[in-house]
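Letter by letter, the chains look like this.
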Amino acid sequence: VGDFVAIDAGWRHSIALRHDGSIACWGDNDDGQAPPDGIQGDFVAIAAGGIHSLAIRRNGSVACWGENFEGQAPSDGIQGDFVAIAAGHFHSLALQRDGSIAC
């Protein structure tokens with residue numbers, strides 16, 4: 001049941017963005033990549049990586065959770081004015097409104 005607006009799948013987990021900006025998570029959560037209670041917030045975009053997940057907040061900053069052994073998901077997130085994100089198995093990318101890329 002849901003009013004989902006976006007979905008993505010990682011290695012062994014999945015995430016879905018709800019219309020209200022919160023995130024639902026399913027699957028393997030051994031590294032914190034898919035908390036069973038989901039992620040509360042005001043998010044506008046999501047990306048699921050190998051064993052990490054990312055989301056853009058309405059204010060343009062990026063939230064990260066899950067495994068960070070390669071620097072792919074810093075627990076403090078990334079400040080900026082981001083408009084798009086992508087997550088690979090051991091890496092992540094974020095596109096800023098000015099066209100620059102953070103990775």
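Scroll up for the structure.
Residues numbered from 1 in each chain as written. Predicted model: local features only at pLDDT ≥ 70, side-chain atom pairs only at ≥ 80, totals over all residues. Heavy atoms only, no water.

**Regarding the sheet that holds strand S8 (residues 92-96)**
- Across the sheet, which stays open at both edges, the 3 strands sit in the order S7-S8-S9 with antiparallel pairing between neighbours. Since the sheet does not close on itself, it has two edges, and those belong to strand S7 (82-87) and strand S9 (101-102), each with one partner.
- Note that S7 and S8 share 5 bridges and pair antiparallel. Pairing of Ala 87 across the sheet is with Ser 92, part of S8. (Pairing = 2+ DSSP bridges. Helix = DSSP H or I, 4+ residues; strand = E, 2+ residues; numbered from the N terminus.)

**Here we look at a nonpolar patch on the surface**
- Together, Val 83, Leu 93, Leu 95 and Ile 101 line one region of the surface with nonpolar side chains, adding up to about 330 Å² of accessible area.
- The topology assignment puts Val 83 in strand S7.
- Residue class for Val 83 comes out partly exposed when judged on its relative accessible area of 39%. (Patch = residues over 30% accessible without salt bridge, like charges linked within 9 Å, V, L, I, M, F, W, Y side chains within 5 Å. Areas by Shrake-Rupley, 256 points an atom, 1.4 Å probe, with all protein chains shown as cover. Salt bridge = Lys/Arg side-chain N within 4 Å of Asp/Glu carboxyl O. Buried < 20%, exposed > 50% of the residue type's maximum accessible area, 1.4 Å probe, protein only.)

**Notes on the environment of Ser 100**
- In this structure, Ser 100 sits in the loop between S8 and S9.
- Judged by relative accessible area, which is 32%, Ser 100 ranks as partly exposed.
- Look past the residues within four positions of Ser 100 in its chain and what remains in contact with it is Ala 94 and Leu 95.
- Within the structure, the side chain of Ser 100 is placed 2.6 Å from the side chain of Asp 98, a separation counted as a polar contact. (Contact = heavy atoms within 4.5 Å. Polar contact = N/O pair within 3.5 Å; in protein donor to acceptor, adjacent residues only side chain to side chain.)

**A look at the sheet that holds strand S5 (residues 52-57)**
- Sheet architecture is open: 3 strands sit in the order S4-S5-S6, paired in antiparallel fashion. Sheet topology places strand S4 (43-48) and strand S6 (62-66) at the edges, where each strand pairs with a single neighbour. Averaged over neighbouring strand pairs, the angle between their axes works out to 20 degrees when direction is ignored.
- For S4 and S5, the ladder comprises 5 bridges, and the chain directions are antiparallel. Across the sheet, Ile 46 pairs through a bridge with Ala 55, a residue of S5. (Axes fitted to C-alpha atoms, helices over the stretch in contact; angles between N-to-C directions.)

Keep in mind these values describe shape, not function.
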